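Structure at a glance
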Amino acid sequence: MPSFPQDLSIRLDQLRAAGLYRQLRPIDSPQAPTVSASGRPLLNFSSNDYLGLANHDHLKKAAAAAIENFGAGAGASRLVCGSLPPHQELESALAQFKGTEAALAFSTGYAAALGTIGALLGPGDIVILDKLSHACLVDAARLSGATLRVFAHNNLADLQKKLAWASQKASSDPENCRLLVVTESVFSMDGDLAPLADIVELKQRFGAWLMIDEAHATGLYGPHRRGLAEALGVSDHIEIQMGTLGKALGASGGYLAGSRLLVDFLINKARSFIFSTAPVPAAAAAATAGVRLVQSPEGAQLLTRLWARVTELRAALDLDFPPLPSAIIPLIVGDESRALDLAAKLADHGFLIPAIRYPTVARGKARLRITLTATHTENQVADLASALTSIPLPKS
């Protein structure tokens, strides 16, 4: 057996040879359309800060006030002595925003997924997952001990087949075999939307529960900007709504929204909640400010601006216009090394659009993932379109 340093060196060399080696990219400025990377300005088209709230004065002031009033850290888990007013205010704001009985905040979206699925399911249960679901949902399903089945991405016929199999399996022990369907609503790497209305119909037909991750939809869809479930009119038929606080809401953390019974159960059984120090008060307060801002007239204006930028770029790149677009536009490259090369060329042109590679996406599906925000200008979008045309890059 090689020594510990030798083994790590060998495995890192293998990653480099496959075009899969990663390095941290220091950013020396706040999140904004233009960021400073190692002292060099780059137009940032890679952030999930869709409404431009990460550096918004309202959120910064809320965070500063929370530090002044409650300190830098929570000191303990929520169940010991770390459940502070900013956490309670955030959960109240989230429940009101999402139109649910209750909500529960977690330190990260990853922790929310692991805690929730691990609390609800165990050996003997069945979880059916969309193939392109986020890694946190995949890991949570695996770690729960439940039987895992994967349905082809957004393929309703395959989902129906998996549900029929699971329903038949559960019929032998209906009291002890739970069925859970899990999907994102807006998929993080492709930007496409789940057919939630059809998924709801299928899960109801087969007596399953449904958990959706609205990470890339919260704040962007529906009359109250609650997410895709609201936009499609199916919120009341979804048992578990998950989301993050670090994308359109501009802060950090994750949440679960649903019934009071669900939240009470998670407080008692979600290990990533029970055994974690509570999120810092500043993060909770900033997230509350983000939730409120998203629902305000300013939030509506920011959203209008975001969709205008999306329309401009899709038109400039001659991409089709789906009925409900997303702020994510993937340009599929395929080969990992080529994706790295194209990202480097874009950086030379002054654009920050990192290559997305395996295991974030499937092997041979490397891409440049473009994201637009409300704080981008029309001229910045035009400059990006010009650069993409001149290199040139493959179309999505």
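Provided above is the structure to which this section pertains.
Residues numbered from 1 in each chain as written. Predicted model: local features only at pLDDT ≥ 70, side-chain atom pairs only at ≥ 80, totals over all residues. Heavy atoms only, no water.

The seven strands lie next to each other as 3-9-8-7-6-4-5, forming an open sheet whose pairing is mixed. Two strands close off the open sheet at either side, each with one partner strand: strand 3 (102–106) and strand 5 (147–151). Averaged over all adjacent pairs, the angle separating strand axes in this sheet is 20°, with direction ignored. In this sheet, strand 6 (residues 179–184) lies alongside strand 4 (residues 126–130) in parallel orientation, the contact comprising four bridges. (Pairing = 2+ DSSP bridges. Helix = DSSP H or I, 4+ residues; strand = E, 2+ residues; numbered from the N terminus. Axes fitted to C-alpha atoms, helices over the stretch in contact; angles between N-to-C directions.)

Before going further, it helps to examine the side chain of His56. Here His56 shows up in the loop between strand 2 (40–44) and helix 2 (57–70). Here His58 takes part through its backbone nitrogen, which lies 3.0 Å from a polar atom of the side chain of His56. With sequence-adjacent residues up to four places away left out, His56 is seen in contact with Leu293 and Glu298. (Polar contact = N/O pair within 3.5 Å; in protein donor to acceptor, adjacent residues only side chain to side chain. Contact = heavy atoms within 4.5 Å.)

Further remarks concern the pattern of salt bridges. By the definition in use, this model includes 13 salt bridges. Put simply, Arg205 and Glu201 hold a salt bridge, and the shortest N to O gap is 2.9 Å. One end of the pair, Arg205, and the other, Glu201, are both in helix 8 (residues 196–205), four residues apart, so they sit about a helical turn from each other. A residue is classified by how much of its surface remains accessible, and Glu201, at 38% relative accessible area, is partly exposed. (Salt bridge = Lys/Arg side-chain N within 4 Å of Asp/Glu carboxyl O. Buried < 20%, exposed > 50% of the residue type's maximum accessible area, 1.4 Å probe, protein only.)

With that settled, the discussion passes to the packing of aromatic side chains. According to the stated counting rule, one finds three aromatic pairs in the structure shown. Its guanidinium or amino end placed over the ring of Tyr358, Arg363 lies 3.9 Å from that ring's centre, counting from NZ or CZ. (Phe/Tyr/Trp six-rings, centres within 6.5 Å; stacked < 30°, edge-to-face > 60°. Lys NZ or Arg CZ within 6 Å of the ring centre and 35° of its normal.)

What follows is about the nonpolar core. Of all hydrophobic cores here, the largest spans 90 residues; its most connected members are Phe45, Leu51, Leu220, Leu306, Leu313, Leu368 and Ile370. Counting residues per element, this core draws most heavily on helix 12 (residues 281–294), which supplies nine residues. What Leu306 contacts, discounting residues up to four positions off in sequence, is Tyr50, Leu51, Leu220, Ala327, Leu372, Thr373 and Ala374. If you look at the next biggest cluster of nonpolar residues, it comprises 30 residues, including Ala112, Ala140, Leu180 and Met211. (Core = buried A, V, L, I, M, F, W, Y, C linked by side-chain atoms within 4.5 Å.)

According to the stated counting rule, one finds one cavity of 30 Å³ or more in the structure shown. Its volume calculated, the largest cavity comes out at about 50 Å³. Along its surface, the largest cavity is lined by Arg78, Ala105, Phe106, Ser107, Ser272, Phe273, Ser276, Thr277, Ala278 and Pro279. Looking at the lining of the largest cavity, the elements with two or more residues in it are strand 3 and helix 11 (271–274). (1 Å grid on protein atoms, 1.4 Å probe; cavity = no way out; pocket = protein on both sides within 12 Å on 5 of 7 lines; lining within 4 Å. Points joined across faces, edges and corners; volume = space filled by probe spheres on them.)

Before going further, it helps to spend a moment on the sheet that holds strand 13 (residues 366–371). Spatially, three strands are ordered 10-13-12 in an open sheet, and the strand pairing comes out antiparallel. With partners counted over all chains shown, the strands left at the sheet margins are strand 10 (328–334) and strand 12 (355–356), one partner each. Against the sheet, helix 14 (residues 336–348) makes contact with strand 10, strand 12 and strand 13, and its axis sits at roughly 35° relative to strand 13, the strand it touches most.

To continue, consider the packing of helix 7 (residues 156–170) against helix 8. Close contact between helix 7 and helix 8 brings their axes to 10 Å; oriented N to C, the two are set at 15°. Classified by the angle their axes make, helix 7 and helix 8 are roughly parallel. The interaxial crossing formed by helix 7 with helix 8 has right-handed handedness. Residues Leu156, Leu159, Gln160 and Leu163 of helix 7 form the contact with helix 8, whose own contacting residues are Asp198, Ile199, Leu202, Lys203 and Arg205. Within the contact of helix 7 with helix 8, the residues separate by chemical class into five nonpolar, one polar and three charged. (Parallel < 35°, antiparallel > 145°, perpendicular 65-115°, else oblique. Left-handed = near helix turned anticlockwise from the far one by under 90°. Nonpolar A, V, L, I, M, F, W, Y, C, P; charged D, E, K, R; others polar.)

Read these as spatial facts, not as claims about activity.
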